[in-house]
Amino acid sequence: MGSLRSFIKAVRKAKTIADERAVIQKESASIRTSFRDVQLDHTSRRINISKLLYLYIMGEKTHFGQVECLKLLASPRFADKRLGYLACMLILDENQEVLTLLTNSLDNDMQHPNAYIVGLALTCLGNIASPELARDLYTNVETILDSKNTFLKKKACFVAAKLVEKEPDLAEFFVPKALSLINEKNPSVLLGTLCLIQALYNNASDEFGDELVNVLPKVVNHLKRVTTSGYQPDYDVMGTTDPFLQVSLLSTIRTLAVGGASLGSGSNSGSAPSQKINEEINDILTQVASNLDSGKNAAHAILYECVKTIFAINSDQSLRILGVNILGKFLATKDNNTRYVALDTLLTIVAIEPLAVQRHRATIVNCLTDGDISIRRRALELSFGIINEQNIRVLAREILVFLENCSDAELKTYVTSQLTIAANKYSPNDKWHFDTLIRTLKAGGSSVTQDIVSNILALILQCNDSELRKHVVSSLLSHCLDDQNQFGLSLITIWSLGEYGDIVLGTQVELNAKQPTKDSSVVFVEESTISGLFDKILDNSVYTEHERIQLTAYLLTAALKLSVKFKNSKVIEHLRQLINSKTYDSNLEIQIRAVEYQEIFGQDAALKRGLLARMPPPPVKMRQSLSLHLTNNNNNNNNNNSSTRKSGATTGAKTGGLAGNASQQDNLLLDLIDTGDDDVPASAQNDVLSDIFGDSTQSSSHFTASTPPKTAIHAFENTNIKAMFVPREFSGQGEATIEAIITSTNQSTKIEQFQLLIAVPKSQKLNITSTSGGDSLRFGQDQINQILKISGKPGAKLKLRVKLKYRMNGNTVEDQFDFAGFEKTL
């Protein structure tokens, strides 16, 4: 049997993939054969396991060696145990049934007199612990926490934190240990203790939140001691005292301070941090933020954690400004990672301290030209976040330069959309607004979405200033004559010329206006100029088939409308021939439109003028901002988010329909939790229901509120909505049927566009079978009933997370609650 070194050499010498596969298959077969030998010695087994790990690294199958890894643990030699535990951590995971065989080895080794062997067992347990292993072996970890060996106590703290995450019920055993260990001053033990405290708080704050929050003063004192301590060679990193411990202390302060405030607001237990401790926290954060040298990476890590803590807790405004200034210093560094962190953090706090972030506008704008795409994307999103009435001109100019040089299609779509929204919201005057939109169209190309096009067209129609409208149409014509390759620009120009082409006749437009050189030219606009532009657009081959069809449809309409506005008979005849040429188009829609327009073209002039009059201005739809990435700004409240992480299945129902009818703003909830019906489109589901039951929205628009059954369980109520659940059927075999009843409690205001979203844990599945009631609620008159069928593991407790969304007085309102008050189980 060859060594690991020879196996690696053989793999590296392979010249083709086939040769490499042959070497791997041969060695795998040899390892399998060797494992069958009952007389195999530990040395040979260790060599085979090391080869198995190399196969694992290459992505090959290694399941056949799992039991052999456990056999290696039985060896009394440290080298064997070290390799055996490493193999177990890599090849096994918490879902493997073979873990039950590992329990005895871990139990024995955690009681071993050799501290290093105990450390190996602890490390393995922390990495692959399942809830069953946690329950079986937590007593060993408890015992080690009481030992005097600081090396083992630190490891045991980290393992205890992992066990609590896997099995929260174990928190009651580790809370007293954590409260005792927080008094330790050894940096390594304290580091582990802080990790344990955070795990306990995140997983068991309902039961032990008060006790854990009460250690906050001790954590603050530890941070004061560490920041003022002198040089410690074992824990110093580039002149910074124990950055790992300082980061952990800051993180623990943030977790307990924020969590304690939320606990205090929901009860009278007095668990919220006192005013005195809040002042101490502000003082120590100021000290940490002011005394560290920001030129070193270790210091950057502490400062970043400090800034996160500043904006998470109830800190002073001066401290928040100091936090923003720290991030501004990060932006000025040359390290890309530090700059990215600064931009990403500024994105989350721009709504809290907008004026402080504004002071770093120049640095943020400079990041738009950075060579790193990640930094450019974050700088771009932050630039849109700081736009206001005062800086819209400067930032829009910089963003347009970025857009003109951008080659990323996804990024261009985002920029055009956000810039359109910003221009609509903050434009200093109408002329600047239209000029910016036109420049966006020219730079955006095919990335301009349909909603942007429709918004711009609506704005042009709503423009009552004749001179401004003339300027807009002239500018569109000038840019389109200069470049016919931009789809959005060409589309809007064609439509504008069809509506207002007559008002620009006889004017002059300048080409290459952006670069006024000797090549610049002035074009006198005539009827033939517009008809010639139509020909150029039709003959352009850069557009996709879908874009060609849409442009042709717009162009046919424009040609028909201009036929009653133009006077030149040759141009009018040219427009007629243009329409006739499309009566045999390969696209049926274009062909039908051309034939219809051909008939209209031959009608009486008076009739045509009535048919082809200018369109009335439509309303401009308000558009919502986009984001380049989904960020959760509530990460600080880990307790509130824990139930969301556990939710695994949801069904959203907009009343009168099935799952999937929720609006786009609810996609975040639907993305986080699986609907369980990915293969069935919502529209198809709705169609099936309509075929079977009819249109429930129409048929039950006068559904009257009735008296709820005696078995109804009150789940939620506020000044607007009341929600109840009626247990209909619990089979005891993993299935349950529940009816949700929603009524209004607001006597004065009608509730409209009501939507219901319900989530259940991953281990359960939710199906909505029928809905009654409309999408509006009036006090004492309307009622919405929803039948829910839930299936899962028999005996499992039923838990629901419910989100209610509706509109009142034109405003969108959202309520959310958790409910687990069912007496029966699945």
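Please refer to the structure higher up on the page.
Residues numbered from 1 in each chain as written. Predicted model: local features only at pLDDT ≥ 70, side-chain atom pairs only at ≥ 80, totals over all residues. Heavy atoms only, no water.

A. Inspection of the overall build of the protein at higher detail. The secondary structure content of the protein amounts to 35 helices and 13 strands. Counting all 826 residues of the protein, 49% fall into the buried class. Counted over contacts in the protein with a minimum sequence separation of 6, partners at least 24 positions apart contribute 69%. Accessible area of the protein: about 39900 Å², with a carbon and sulfur share of 49%. (Helix = DSSP H or I, 4+ residues; strand = E, 2+ residues; numbered from the N terminus. Buried < 20%, exposed > 50% of the residue type's maximum accessible area, 1.4 Å probe, protein only. Contact = heavy atoms within 4.5 Å. Areas by Shrake-Rupley, 256 points an atom, 1.4 Å probe, with all protein chains shown as cover.)

B. Structural view of the packing of aromatic side chains. Counted under the stated rule, the structure contains eleven aromatic pairs. Aromatic pair Phe 730 and Phe 822: ring centres 6.3 Å apart, planes at 50°, arrangement tilted. Taken as a pair, Phe 730 in strand β7 (residues 721-730) and Phe 822 in the segment after β13 (811-819) lie far apart in primary sequence, 92 residues in all. Within the aromatic cluster, the residues linked to one another by ring pairs are Phe 725, Phe 730, Phe 819 and Phe 822. The residue whose ring lies beneath Arg 32 is Phe 64, and the NZ or CZ to ring-centre distance is 4.1 Å. Over the ring of Phe 601 we find Lys 608, and its NZ or CZ is 4.6 Å from the ring centre. (Phe/Tyr/Trp six-rings, centres within 6.5 Å; stacked < 30°, edge-to-face > 60°. Lys NZ or Arg CZ within 6 Å of the ring centre and 35° of its normal.)

C. Representation of the nonpolar core in the model. Counting residues in each nonpolar core, the largest one holds 196 residues, and the members touching the most others are Leu 106, Leu 125, Leu 163, Phe 174 and Phe 534. Per-element accounting of this core gives the leading share, twelve residues, to helix α11 (residues 187-213). Shared between two domains, this core holds at least three residues of each, these being domain 1 (1-93) and domain 2 (429-513 + 521-612). If you look at the next biggest cluster of nonpolar residues, it comprises 32 residues, including Ile 742, Ile 751, Val 760 and Ile 790. (Core = buried A, V, L, I, M, F, W, Y, C linked by side-chain atoms within 4.5 Å. Domains from an automatic or database assignment.)

D. Structural view of the pairing of strand β6 (residues 713-717). Inspection of the sheet shows β6 paired to β7 by four bridges, in the antiparallel sense. Bridge pairing in β7 links Ile 713 to Phe 725. Between the end of β6 and the start of β7, which pair antiparallel, lie three residues. (Pairing = 2+ DSSP bridges.)

E. Broad picture of unusual backbone geometry. Of note, Met 238 is a non-glycine position whose phi angle comes to about 55°, a positive value. Here Met 238 is to be found in the loop between β1 (236-237) and β2 (240-241). We note that Asp 242 has phi near 40°; this positive angle belongs to a residue other than glycine. Note that Asp 242 resides in the loop between β2 and α13 (243-265). We classify Asp 242 as buried; its relative accessible area is 7%.

F. Spatial organisation of the side chain of His 360. For His 360, the location among the structural elements is in the loop between α18 (354-358) and α19 (361-366). You can call His 360 buried: its relative accessible area is 15%.

G. Molecular detail of the packing of helix α9 (residues 150-166) against α11. As a packed pair, α9 and α11 sit with axes 8 Å apart at the nearest point and diverge in direction by 10°. Judged on the interaxial angle alone, α11 and α9 are roughly parallel. For the element pair α9 and α11, the recorded crossing hand is left-handed. Of α11, the residues touching α9 (which contributes Thr 150, Lys 153, Lys 154, Cys 157, Phe 158, Ala 160, Ala 161, Val 164 and Glu 165) are Ser 188, Val 189, Leu 191, Gly 192, Thr 193, Cys 195, Leu 196, Ala 199, Leu 200 and Asn 203. A class-by-class count of the residues in the contact of α9 with α11 yields eleven nonpolar, five polar and three charged. (Axes fitted to C-alpha atoms, helices over the stretch in contact; angles between N-to-C directions. Parallel < 35°, antiparallel > 145°, perpendicular 65-115°, else oblique. Left-handed = near helix turned anticlockwise from the far one by under 90°. Nonpolar A, V, L, I, M, F, W, Y, C, P; charged D, E, K, R; others polar.)

H. The arrangement of the packing of helix α6 (residues 99-109) against helix α7 (residues 115-128) in detail. Close contact between α6 and α7 brings their axes to 9 Å; oriented N to C, the two are set at 145°. Note that α6 runs across α7; the crossing there is left-handed. Within the contact between the two elements, α6 uses Leu 99, Leu 102, Leu 106 and Asp 109 and α7 uses Ile 117, Val 118, Ala 121, Cys 124, Leu 125 and Ile 128. Split by residue class, the contact of α6 with α7 holds nine nonpolar, no polar and one charged.

I. Geometry of a negative patch on the surface. Among the surface-exposed residues, Asp 169, Glu 172, Asp 206, Glu 207, Asp 210 and Glu 211 lie close enough to one another that they form a single negatively charged patch. Here the negative patch takes four residues from α11, the largest share from any one element. Along the chain, Glu 211 turns up in helix α11. (Patch = residues over 30% accessible without salt bridge, like charges linked within 9 Å, V, L, I, M, F, W, Y side chains within 5 Å. Salt bridge = Lys/Arg side-chain N within 4 Å of Asp/Glu carboxyl O. Lys, Arg positive; Asp, Glu negative; His and termini not counted. Charge placed at Lys NZ, Arg CZ, Asp CG, Glu CD.)

J. Structural context of a nonpolar patch on the surface. A contiguous nonpolar surface patch, about 360 Å² in accessible area, is contributed by Tyr 56, Ile 57, Leu 86 and Leu 90. Along the polypeptide, Leu 86 turns up in helix α5 (residues 78-91).

K. Expanded view of the environment of Leu 245. Residue position: Leu 245 is located in helix α13. Spatially, the C-alpha atoms of Leu 245 and Pro 187 are 6.9 Å apart, while their sequence positions differ by 58 residues. For Leu 245, the residues in contact, after removing those within four places along its chain, are Pro 187, Leu 190, Leu 191, Leu 194 and Val 226.

L. Just the pattern of salt bridges, in detail. Tallied over the entire structure, the rule returns 33 salt bridges. Arg 135 is paired through a salt bridge with Glu 132; the nearest N and O atoms lie 3.8 Å apart. Highlighted residues: Arg 135 and Glu 132, both in helix α8 (residues 131-145), separated by three residues, approximately one helical turn. Owing to a relative accessible area of 39%, Arg 135 belongs among the partly exposed residues under this scheme.

M. Seen up close, helix α27 (residues 527-539). For α27, spanning 13 residues, the distance from its first C-alpha to its last is 19 Å, which sits close to the expected 18 Å at 1.5 Å a residue. Those residues of α27 that fall on the buried side of the exposure criterion are Glu 527, Thr 529, Ile 530, Ser 531, Leu 533, Phe 534 and Ile 537. Looking at the buried residues of α27, the elements they touch are α25 (466-482), α26 (487-500), β4 (521-524), α28 (545-562) and α29 (569-580). (Expected span 1.5 Å × (residues − 1).)

N. Looking closely at the side chain of Lys 803. Assignment of secondary structure puts Lys 803 in strand β12 (residues 800-808). Overall, Lys 803 belongs to the buried group, its relative accessible area being 12%.

O. View of the environment of Leu 560. Within the secondary structure, Leu 560 is located in helix α28. For Leu 560, a relative accessible area of 2% corresponds to the buried category. Considering only alpha carbons, one finds Leu 560 and Ile 579, 19 residues apart in sequence, at a separation of 7.9 Å. Look past the residues within four positions of Leu 560 in its chain and what remains in contact with it is Ile 579, Tyr 597, Ile 600, Phe 601 and Leu 612.

P. Up close: the pairing of strand β8 (residues 735-744). The buried fraction of β8 amounts to nine of the ten residues, a majority that puts the element mostly inside the structure. In terms of strand pairing, β7 meets β8 through nine bridges, oriented antiparallel. Across the sheet, Ile 721 pairs through a bridge with Ser 744, a residue of β8. Hairpin connection between β7 and β8: a loop of four residues separates the two successive antiparallel strands, and Gly 732 in this loop has a positive phi of roughly 75°. Note: β8 against strand β11 (residues 783-791), nine bridges, orientation antiparallel. Bridge pairing in β11 links Ala 736 to Ile 790.

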